[in-house]
Amino acid sequence: MTILVTGGAGYIGSHTVLYLKEKGESVVVLDNLITGHRQSVLNDVPFYMGSLHDQELLHYIFQNHNIEAVIHFAGNSLVGESVKDPLSYYENNLGGTLSLLKVMNKNQVKKLVFSSTAAVYGDPKCVPIQEEDPTIPTNPYGETKLAIERMLHWGEQAYDIKSISLRYFNAAGADPEGHIGEQHHPETHLIPIVLQAASGERDKVNVFGDDYPTPDGTCIRDYIHVMDLADAHYCALKKIRNEKKSGTYNLGNEKGYSVKEVIETCQEVTGREIRVEASPKRAGDPAVLVASSQKARKELKWKPKYSNLKDIITHAWNYHSKKEVHHKNMHYVK
């Protein structure tokens, strides 16, 4: 039996494919390569370049690879972009998942692990955030992910498709061996942006707001290693296999780090000075976002392996440094 990973050439998807292969799973990847990278997928993994809206292609994959379950990463994920172009997010995220579920149902595939997000909570009233807390998204990205979660709920009632939705916080780090890592174009995540400043790819790091009600005045976020996320998807897959139960789980380290702490740790890891410039706050940025992952730890038997910020940044820097040395004059396949 084979696992279909949609969006498997993306950042978290490619690391999950690597992890699944290490666990002896048979995997096939579907990705449109708009934001993913073909070279991030292992050469021995069957790869299809295409869209979730292409139901003919989906049927072909399901019928020719003996698909047992789907791990679903494919979709758009930039908050700012979703505000500027919300209809494309509904079309790609919600419409793509709708197409996928139709084909799953026709092919009697009843197991799905869904890559959701902490953005479904919006601006939380309590920290750490619990799964039962109100879900009031503040942007179309979060809205589409929440709508998919609701669609999965009703899909189970009607078609018996079991699903686990994983709401995670700030993915970071890279494969500890340095084979793959984070490579967004343009980059929007804090840790790789700071590392780009350390390597000279950008001249400074903008810190958006330094008067938040936090110990050092900068935003606090819960950073989780990408390989720990990959492990969580595998744990969720095993739970559906063994118990045939749906569920929703937060994924985080339950410890927050401020923007200043991230920059200071990057300086420590790289041994380089990083220029910082204060900038105005961004609308909609909560002061603190930290997850409670007790439910995932208990029910999925999941435990983060790389919870230390220095380890996360060290792995990211190892990949970043290797990428600079080996691919200085190369352009990534898009």
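Residues numbered from 1 in each chain as written. Predicted model: local features only at pLDDT ≥ 70, side-chain atom pairs only at ≥ 80, totals over all residues. Heavy atoms only, no water.

(A) Spatial organisation of the nonpolar core. Membership of the largest hydrophobic core comes to 39 residues, with the highest contact counts inside it found for Val5, Leu166 and Leu251. Core analysis: the second largest hydrophobic core is formed by 24 residues, Ala197, Cys219, Ile263 and Leu309 among them. (Core = buried A, V, L, I, M, F, W, Y, C linked by side-chain atoms within 4.5 Å. Buried < 20%, exposed > 50% of the residue type's maximum accessible area, 1.4 Å probe, protein only.)

(B) Structural detail: the side chain of Asn139. As for its position among the elements, Asn139 is in the loop between strand E5 (111–117) and helix H5 (140–159). Among the polar contacts listed, one links the side chain of Asn139 to the backbone nitrogen of Tyr141, at a separation of 3.3 Å. Within the structure, Asn139 has its side chain in polar contact with the backbone nitrogen of Gly142 (distance 2.8 Å). Non-local contacts of Asn139, meaning those with residues more than four positions away in its chain, are made with Val79, Ser82 and Val83. (Helix = DSSP H or I, 4+ residues; strand = E, 2+ residues; numbered from the N terminus. Polar contact = N/O pair within 3.5 Å; in protein donor to acceptor, adjacent residues only side chain to side chain. Contact = heavy atoms within 4.5 Å.)

(C) View of the environment of Val17. Tracing the backbone through its elements, the reader meets Val17 in helix H1 (residues 11–22). With relative accessibility at 1%, the residue Val17 sits in the buried group. In this structure, the C-alpha to C-alpha distance between Val17 and Tyr234, residues 217 residues apart in sequence, is 9.9 Å. Apart from residues no more than four positions distant in its own chain, Val17 is found in contact with Val5, Gly8, Val27, Val29 and Val45.

(D) Here's a closer look at the packing of helix H2 (residues 55–64) against helix H4 (residues 86–106). Remark: H2 packs on H4, axes separated minimally by 10 Å, with the N-to-C direction vectors making an angle of 40 degrees. In terms of orientation, H2 and H4 fall into the oblique class. Between H2 and H4 lies a crossing of right-handed hand. Counted together, Gln55, Leu58, His59 and Phe62 of H2 and Ser99, Leu100, Lys102, Val103, Met104 and Lys106 of H4 form the full contact between these two elements. (Axes fitted to C-alpha atoms, helices over the stretch in contact; angles between N-to-C directions. Parallel < 35°, antiparallel > 145°, perpendicular 65-115°, else oblique. Left-handed = near helix turned anticlockwise from the far one by under 90°.)

(E) Examining H1 more closely. Compared with the 16 Å implied by 1.5 Å per residue over 12 residues, the 17 Å span of H1 between its first and last C-alpha is a close match. Taken together, the buried positions of H1 are occupied by Tyr11, Ile12, Gly13, Ser14, His15, Thr16, Val17, Leu18, Tyr19 and Leu20. Where the residues of H1 are buried, they touch strand E1 (2–6), strand E2 (26–31), strand E4 (67–72), strand E6 (162–168), strand E7 (170–172) and helix H7 (226–243). Downstream of H1 by one or two residues, Gly24 has phi in the positive range, about 85 degrees. (Expected span 1.5 Å × (residues − 1).)

(F) Molecular detail of unusual backbone geometry. Residues Val127 and Pro128 are joined by a peptide bond in cis, for which omega reads 5 degrees. Take Pro128: it is sitting in the loop between E5 and H5. A positive phi angle, close to 50 degrees, is found at Asn66, a residue other than glycine. By the secondary structure assignment, Asn66 is in the loop between H2 and E4. Residue Asn66 is classed as partly exposed on the basis of its relative accessible area of 47%. Even without being glycine, Glu254 reaches a positive phi, approximately 65 degrees. A relative accessible area of 29% means that Glu254 is categorised as partly exposed.

(G) Examining the confidence of the model for the protein chain more closely. Looking at the protein chain, the pLDDT average stands at 92 and 96% of residues meet or exceed 70. pLDDT under 50 marks residues 326–334. Its contacts with residues more than four places away, or in other chains, come to 17 contacts. (pLDDT = per-residue confidence, 0-100.)

(H) Quick peek at H5. Spanning 20 residues, H5 covers 27 Å between terminal C-alpha atoms, matching the ideal 28 Å at 1.5 Å per step. Turning to H5, its buried residues are Pro140, Tyr141, Gly142, Thr144, Lys145, Leu146, Ile148, Glu149, Leu152, Gly155 and Glu156. Of the surrounding secondary structure, the elements contacted by the buried residues of H5 are helix H3 (79–84), H4, E5, E6 and strand E11 (247–251). For H5, the N-terminal capping position is held by Asn139, with its side-chain oxygen 3.3 Å away from the main-chain nitrogen of Tyr141.

(I) Here's a closer look at the pattern of salt bridges. Scanning the entire structure with this criterion turns up 14 salt bridges. One salt bridge in this structure joins Asp44 and Lys21, with 3.9 Å as the shortest N-O distance. Taken together, the residues Asp44 in the loop between E2 and strand E3 (47–49) and Lys21 in helix H1 connect sequence positions 23 residues apart. Judged by its relative accessible area of 28%, Lys21 falls in the partly exposed class. (Salt bridge = Lys/Arg side-chain N within 4 Å of Asp/Glu carboxyl O.)

(J) Expanded view of the sheet that holds E5. A sheet is described by the order of its strands in space; here 7 strands give the open sequence E3-E2-E1-E4-E5-E6-E11, paired in parallel fashion. At either margin of the open sheet sits one strand with a lone partner, and together these are E3 and E11. When the angles between neighbouring strand axes are averaged without regard to direction, this sheet yields 20 degrees. Pairing of E1 with E2, which is carried by 5 bridges, proceeds in the parallel orientation. Along E2, the bridge assignment pairs Ile3 with Val27. Helix-sheet contacts for H5 involve E5, E6 and E11, and the interaxial angle to E5 is about 155 degrees. (Pairing = 2+ DSSP bridges.)

(K) Quick look at the state of the cysteines. For the coordinates displayed, the defined rule picks out 0 disulfides. With no disulfide of its own, Cys126 lies closest to Cys219 among cysteine sulfurs, the gap being 18 Å. (Disulfide = S-S within 2.5 Å.)

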